[in-house]
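Coordinate analysis (summary)
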Amino acid sequence: SGVILLAFASLFLSITRRTGSERIDRHLFALADDQLRRPLPPEHWSRFDDNLSSFYGENNRRRFLVKVITRDGATLYTSPRWPSALTGAGLILPDLGAPLEFGEPPDRPEPPPPPRSLRPGEDRPPRRLRVTRPQFMTLRADNQTWRFAVMRNPNVTLLVGTDMADLQAELKRLRTTFAVAVPLGLFL
């Protein structure tokens, strides 16, 4: 009975950890993909970082990190609260494949927009840019665990990260619950 209860507890914790990480990854992907699909001016990135706090609330401001790197490797923007342990050698970017070129065919062909003539005074819609598939990494810095999505378009590489404290707190509560429930179940 004890072995069965422990196996169930470890399986449940494993599934919870995996689904929590996948939920975070989907969320980070949505944030990064939306920002990289269109050409943006350099000053956009500080506004994007500030918008994360207004969208998620001032209390969650510290839970997100943003870093933008240009094609030539220069840092275009870094969140003011970026941990010093993640600067330089602390952060090794994954290989995102060959450099993107504007003329390359996309991985997934997008349907061409229907042809139509522009009305007087109407601007063309902005061109959608190709982006790489996201790569995710988990890093520890300043006693916090961060989950990052790294994606790139032809102009910039974007790192969007979030603090994994909520997921870790949830897993800790579950471990505590199982630490009480398993012995109680065996006793009963």
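Scroll up a little and you will see the structure.
Residues numbered from 1 in each chain as written. Predicted model: local features only at pLDDT ≥ 70, side-chain atom pairs only at ≥ 80, totals over all residues. Heavy atoms only, no water.

**Overview of the overall build of the protein**
When helices and strands are counted, the protein shows three helices and five strands. In sequence order, the protein lays out its α and β elements as α-α-β-β-β-β-β-α. Taking all 188 residues of the protein together, 36% fall into the buried category. Partitioning the intrachain contacts of the protein with sequence separation of at least 6 by distance along the chain shows that 65% fall at a separation of at least 24. Summing over all exposed atoms, the protein offers an accessible surface of approximately 12,000 Å²; the carbon and sulfur share of this is 58%. (Helix = DSSP H or I, 4+ residues; strand = E, 2+ residues; numbered from the N terminus. Buried < 20%, exposed > 50% of the residue type's maximum accessible area, 1.4 Å probe, protein only. Contact = heavy atoms within 4.5 Å. Areas by Shrake-Rupley, 256 points an atom, 1.4 Å probe, with all protein chains shown as cover.)

**Focus: the packing of aromatic side chains**
Overall, the coordinates contain five aromatic pairs when judged by the stated rule. Geometrically, the ring pair formed by Phe12 and Phe178 is edge-to-face, given 5.7 Å between the ring centres and 75° between the ring planes. Residue Phe12 is located in helix α1 (residues 2-36), and its partner Phe178 is located in helix α3 (residues 165-187); the two are separated by 166 residues in the primary sequence. Take Phe12: its relative accessible area is 35%, and that puts it in the partly exposed class. Arranged with centres 6.2 Å apart and planes meeting at 85°, the rings of Trp45 and Phe48 form a pair that is edge-to-face. Taken as a pair, Trp45 and Phe48 lie in helix α2 (residues 44-56) at a separation of three residues, close to a single helical turn. For the pair formed by Trp45 and Phe48, the shared burial category is buried. A network of ring pairs unites the aromatic residues Phe8, Phe12 and Phe178 as a single cluster. (Phe/Tyr/Trp six-rings, centres within 6.5 Å; stacked < 30°, edge-to-face > 60°.)

**As for the side chain of Arg63**
Within the fold, Arg63 resides in the loop between α2 and β1 (64-70). A distance of 3.0 Å separates a polar atom in the side chain of Arg63 from a polar atom in the side chain of Asp166. For Arg63, the contacting residues outside a window of four places in its chain are Trp146, Gly161, Thr162, Asp163, Ala165 and Asp166. (Polar contact = N/O pair within 3.5 Å; in protein donor to acceptor, adjacent residues only side chain to side chain.)

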